[in-house]
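# A structural walkthrough
Residues per chain are reported as follows:
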Amino acid sequence: MTRPEVSSRAPLPLYTRTAAAAAGQVIGRYSTSFSWACRTLPRECRRDISSIYALVRVADEVVDGTASAAGLATGPVRAALDELETEVERGLTSGFSTNLVVHAFADVARRHEFGRELTAPFFASMRADLDVSEHDPESLETYIYGSAEVIGLMCLEVFMDLPGTRADTPDQRELLRASARRLGAAFQKVNFLRDLGADHDQLGRTYFPDTDPAELGEAEKNELLADLHADLDAAVPGILALDRRARRAVLLAHGLFHELARRIAAVPAATLTQQRISVPTAVKTRIAARVLAGSRRVPRSDAGIGSGAGSRGVS
């Protein structure tokens with residue numbers, strides 16, 4: 001039986017498109033790296049990835065000081081995060097939310113068939129930011145899974161619905177999922193190093209176990225960099241198995257974060273806590289031009305960690 005067509009001007013489709021447009025503003029305001037990568041995706045895919053980013057960014061802002069800056073004490077901050085998770089769960093069930101960011105996210109999750117198996121660990125990690133000031137190896141592994149790896153898995157669900165993604169067999173799907181997790185972990189570890197000082201001094205958090213940011217040495221920094229480079233390298237096979245349109249965007253994000261890691265390597269450990277490393281626009285443009293030209297060459301980890309190699313852009 002043929003289902004009747006629903007006009008794009010009908011109330012729910014119009015509301016959903018409006019919600020997605022509102023959510024799409026978030027990525028441009030908060031992340032230049034992800035925004036650059038997202039722009040290279042097909043329009044519908046770009047909308048879906050932006051909607052995922054918007055929700056996780058809003059949750060992150062709740063626990064990373066924005067709610068506190070508005071005058072909320074720890075208890076009300078926790079309540080605000082709980083309310084957001086509850087609203088997400090309602091949206092996943094009903095397909096509707098009065099919160100535009102939640103509505104846009106729920107629409108993506110329902111169409112691409114993921115739900116609480118990914119959102120619950122995410123909110124658990126956000127809640128940990130209110131409860132845990134120092135991590136041990138086990139708690140950090142759990143935190144990174146919920147705060148970063150599941151986001152990679154959410155995006156992967158979108159990418160796997162593109163026709164060119166090689167996801168026909170269980171082995172192919174497992175490769176894609178493993179790569180998505182490793183890439184998410186790498187991005188998170190880069191951000192830990194970028195925000196080492198701010199996380200410790202402003203938010204009272206130390207993510208890397210047995211690490212005092214004020215006493216970070218070169219050997220310790222290089223060990224952390226080697227670990228995240230291993231994640232970046234391990235993600236490559238899955239990236240190359242994506243539909244070419246998604247592959248291009250993810251390669252760009254991979255290249256930008258690889259460049260961030262190179263620049264972190266060039267900064268003395270003693271001063272890393274005093275500045276937040278970024279990639280100049282000219283270097284981003286060069287990385288983007290290489291990827292958009294169709295290059296599948298992926299920057300790999302090298303022996304230049306700590307040797308000053310990070311001061312040069314990827315070409």
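These lines cover the structure that appears in this document, whether it is placed above or below. (Residues numbered from 1 in each chain as written. Predicted model: local features only at pLDDT ≥ 70, side-chain atom pairs only at ≥ 80, totals over all residues. Heavy atoms only, no water.)

## Description of the overall build of the chain
Convention followed: Strands here mean DSSP runs of E at least two residues long; helices mean DSSP runs of H or I at least four residues long; both are numbered from the N terminus. We compute the radius of gyration from the C-alpha atoms alone; for a globule the expected value is 2.2 Å times N to the 0.38, where N is the number of residues. Type-normalised accessible area, obtained with a 1.4 Å probe on protein chains alone, sets the label of each residue: buried when under 20%, exposed when over 50%, and partly exposed for intermediate values. A contact between two residues is defined here by any heavy atoms of the two lying within 4.5 Å. Per-residue accessibility takes into account occlusion by the displayed protein chains alone, with areas from the Shrake-Rupley method and a 1.4 Å probe.
When helices and strands are counted, the chain shows 14 helices and 0 strands. Counting from the amino terminus, helix and strand elements in the chain follow one another as α-α-α-α-α-α-α-α-α-α-α-α-α-α. Relative to a compact globule of 315 residues, whose C-alpha radius of gyration would be 20 Å, the chain shows 20 Å and is just as compact. Counting only C-alpha atoms, the chain reaches 65 × 50 × 35 Å along its principal axes. Within the chain, buried positions represent 50% of all 315 residues. Of all intrachain contacts in the chain linking residues separated by at least 6 positions in sequence, the fraction that spans at least 24 positions is 73%. Counting only carbon and sulfur atoms, one obtains 51% of the accessible surface of the chain, whose full area is about 14,900 Å².

## Digging into the environment of N99
Topologically, N99 is positioned in the loop between α5 (74–94) and α6 (100–112). With relative accessibility at 31%, the residue N99 sits in the partly exposed group. Taking the C-alpha atoms as reference points, N99 and A19, separated by 80 residues in sequence, lie 8.3 Å from one another. Contacts of N99, omitting those with residues within four sequence positions, involve L84 and E87.

## Here's the deal with the packing of aromatic side chains
Condition: Aromatic rings from Phe, Tyr and Trp, with only the six-membered ring used for Trp, were paired whenever their centres fell within 6.5 Å, and each pair was classed as stacked if the ring planes differed by under 30 degrees, edge-to-face if by over 60, and tilted otherwise.
As enumerated under the stated definition, the model contains 11 aromatic pairs in all. On the numbers, 5.6 Å between centres and 65° between planes, the contact of F34 with F187 is edge-to-face. In this pair, F34 sits in helix α2 (residues 32–38) while F187 sits in helix α9 (residues 170–194), placing the two residues 153 residues apart along the sequence. F187 sits in the buried class, given a relative accessible area of 10%. Relative to F257, the ring of F34 has its centre 5.4 Å away and its plane inclined at 40°; by these criteria the two rings are tilted. With F34 in helix α2 and F257 in helix α12 (residues 244–266), the pair connects residues that are 223 residues apart, well separated along the chain. A residue is classified by how much of its surface remains accessible, and F34, at 25% relative accessible area, is partly exposed. Looking at F257, the relative accessible area reads 2%, which means it is buried.

## A look at empty space enclosed by the protein
Here is the rule we go by: Grid points spaced at 1 Å and placed over the protein atoms alone form the basis of the search, with a cavity being a set where a 1.4 Å probe fits but cannot get out and a pocket an open set showing protein on both sides within 12 Å along at least five of seven lines. Lining residues have an atom within 4 Å of a point. Grid points are joined across faces, edges and corners, and a volume is the space filled by probe spheres set on the points. Ten residues, namely Ala, Val, Leu, Ile, Met, Phe, Trp, Tyr, Cys and Pro, are considered nonpolar, four, namely Asp, Glu, Lys and Arg, are considered charged, and the remaining ones, Gly among them, are considered polar.
Counted under the stated rule, the structure contains 2 cavities of 30 Å³ or more. Taken together, F192, L196, D199, R205, T206, Y207, F208, T211 and P213 make up the lining of the second largest cavity. For the lining of the second largest cavity, a count of residues per class yields 5 nonpolar, 2 polar and 2 charged.

## Focus on a negative patch on the surface
Applicable threshold: In this analysis, a patch consists of residues with relative accessible area above 30% that form no salt bridge, clustered at 9 Å for like charges and at 5 Å for the nonpolar side chains Val, Leu, Ile, Met, Phe, Trp and Tyr. Basic side-chain nitrogens of Lys or Arg form a salt bridge, by our definition, when they fall within 4 Å of a carboxyl oxygen of Asp or Glu. Only four residue types enter the tally: Lys and Arg on the positive side, Asp and Glu on the negative side, with His and both chain ends excluded. To locate a charge, take NZ of a lysine, CZ of an arginine, CG of an aspartate or CD of a glutamate.
Side chains of E134, D136, E138, E141, D210, D212 and E215 sit close together on the surface and give a patch of like negative charge. Examined against the element boundaries, E134 turns out to sit in the loop between α7 (116–131) and α8 (137–159). For E134, a relative accessible area of 63% corresponds to the exposed category.

## A few points about the packing of helix α3 (residues 43–63) against α8
Condition: Every angle, taken between N-to-C directions, lies between 0 and 180 degrees, and every axis is a line fitted to C-alpha atoms, over only the stretch in contact when it is a helix. Small angles under 35 degrees read as roughly parallel and large ones over 145 as roughly antiparallel, with 65 to 115 read as roughly perpendicular and the rest as oblique. Take the far helix as the reference: if the near one is turned anticlockwise from it by less than a right angle, the crossing is left-handed, and if turned clockwise, right-handed.
Between α3 and α8, the shortest axis-to-axis distance is 10 Å and the interhelical angle comes to 160°. Between α3 and α8, the angle is such that the two are roughly antiparallel. As for how α3 packs across α8, the hand of that crossing is right-handed. Residues C45, D48, I49, I52 and V56 of α3 form the contact with α8, whose own contacting residues are I151, M154, C155, V158 and F159. Taken together, the residues that form the contact of α3 with α8 break down as 9 nonpolar, no polar and 1 charged.

## Considering α12
Our working definition: Expected span, for any helix, means 1.5 Å times one less than how many residues it has.
For α12, built from 23 residues, the straight-helix expectation of 33 Å at 1.5 Å per residue is met to within 8% by its first-to-last C-alpha distance of 33 Å. Across the 23 residues of α12, 19 count as buried, placing the element largely inside the fold.

## Regarding the side chain of E85
The line we're drawing: Definition of a polar contact: a pair of N or O atoms within 3.5 Å, with one able to donate and the other able to accept a hydrogen when the atoms are protein atoms, and with sequence-neighbouring residues admitted only if both atoms are side-chain atoms.
Along the chain, E85 turns up in helix α5. Within the local environment of E85, its side chain forms a polar contact with the side chain of R127, the two groups lying 2.6 Å apart.

## Section: unusual backbone geometry
Here E113, not a glycine, exhibits a phi torsion of approximately 60°, which is positive. Mapping E113 onto the fold places it in the loop between α6 and α7.

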